[in-house]
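Spelled out from the first residue to the last, the chains are:
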Amino acid sequence: DSPAFVRDYRLAAWENFQNTPIPTTSDKPWRRTDLRGLRAGEIHIPNGDLGQLPPPPAEILEPLVGDVHGGQILMSPSGIKVELDSHLADMGVVFADLSTAGSQYPQILEGILGQIVGSDEGKCAALVGALAQNGVLVYVPPGVQVEKPLHSVMWGPGVNLAHLSHLLVWV
């Protein structure tokens, strides 16, 4: 149920992933990261049936500054919980998970998806572009100031699981 532009982006990203070699220490951005020990065959994307995984620790959900967040998104195996200060929402600030962004704010999502880091910028960027299960869209309209932090938490417990997400910010 994603918009057509999201499906097209993901298909193009998958093609980029298939056609891009695994980075090596000879590649300048990867010169300090050696992936030869990575056992990629043991890593899998969660399929939704993760059993009883621990909830996030309470301290990582506490406000980053002051007494309250301007907004908070918690993405976890048990679902997505989004909170946004109503004053910010009234000023046009969008703070949403990507599924909601695709259905309620497609024009904003289409304007930013793949614009900062494109799926053609390497194997990992292509993998995330193709297979990201979730993510966050932040949009702050011109002239609007957000004083309180917007906090996103991706809680991905488990062993050998790849929790892939996008963080898209348009200010």
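**Q** Sorry if this is basic, but what is going on with the pairing of strand β5 (residues 150-154) here?
**A** Side chains on a regular strand alternate between the two faces of the sheet. Residues His151 and Val153 point to one face of β5 and are all buried, whereas Leu150, Ser152 and Met154, pointing to the other face, are not buried. Relative to β5, strand β1 (residues 71-76) runs parallel, the two sharing five bridges. Of the residues in β5, the one forming a bridge with Leu74 is Val153.

**Q** Help me understand the sheet that holds strand β3 (residues 94-97) in this model?
**A** Either a parallel or an antiparallel arrangement is found when strands of a sheet pair, and the pairing is made through backbone hydrogen bonds. Overall, mixed pairing links the three strands, which are arranged β3-β4-β6 in an open sheet. Both edges of this open sheet fall to β3 and β6 (165-170), since each of them pairs with a single strand only. This sheet shows a mean twist of 5° between the axes of neighbouring strands, independent of strand direction. With six bridges joining them, strand β4 (residues 134-139) and β6 adopt parallel strand pairing. Pairing of Leu137 across the sheet is with Leu168, part of β6.

**Q** How should I be thinking about the sheet that holds β1 in this particular structure?
**A** Here we have three strands laid out as an open sheet, ordered β2-β1-β5, and mixed in their pairing. Looking along the sheet, the strands with just one partner apiece sit at the ends: β2 (79-84) and β5. Taking each pair of neighbouring strands and ignoring which way they run, the sheet shows an average axis angle of 5°. Of the pairings in the sheet, the one linking β1 to β2 comprises six bridges and is antiparallel in character. Opposite Met75, over in β2, you have Ile80 as the bridge partner.

**Q** Explain the pattern of salt bridges here, please?
**A** Note on pairing: side chains with opposite charge can pair once their charged atoms come close. Applying the stated criterion across every chain, the model contains four salt bridges. Its salt-bridge partner being Arg39, residue Glu42 comes within 3.6 Å of it at the nearest N-O pair. For Glu42, a relative accessible area of 41% puts it in the partly exposed group.

What counts as what
Numbers given for residues are sequential positions, taken from 1 along each chain in its written order. Totals for whole chains, interfaces and linings use all residues, but because this is a predicted model, local features are given only for residues with pLDDT of at least 70 and pairs of side-chain atoms are given and counted only at 80 or more. Excluding hydrogens and water, the side-chain figures rest on all heavy atoms present in the structure. Buried residues are those whose accessible area, probed at 1.4 Å on protein chains only, stays under 20% of the maximum for their type, while exposed residues exceed 50% and partly exposed ones sit between those limits. Going along the chain from the N terminus, every DSSP run of H or I of four or more residues is numbered as a helix, and every run of E of two or more is numbered as a strand. In this description, strands pair whenever DSSP reports at least two bridges between them. Here, axes are lines fitted to C-alpha atoms. For helices the fit covers the stretch in contact, and angles between N-to-C directions go from 0 to 180 degrees. The rule for a salt bridge is simple: a side-chain nitrogen of Lys or Arg has to be within 4 Å of a carboxyl oxygen of Asp or Glu.

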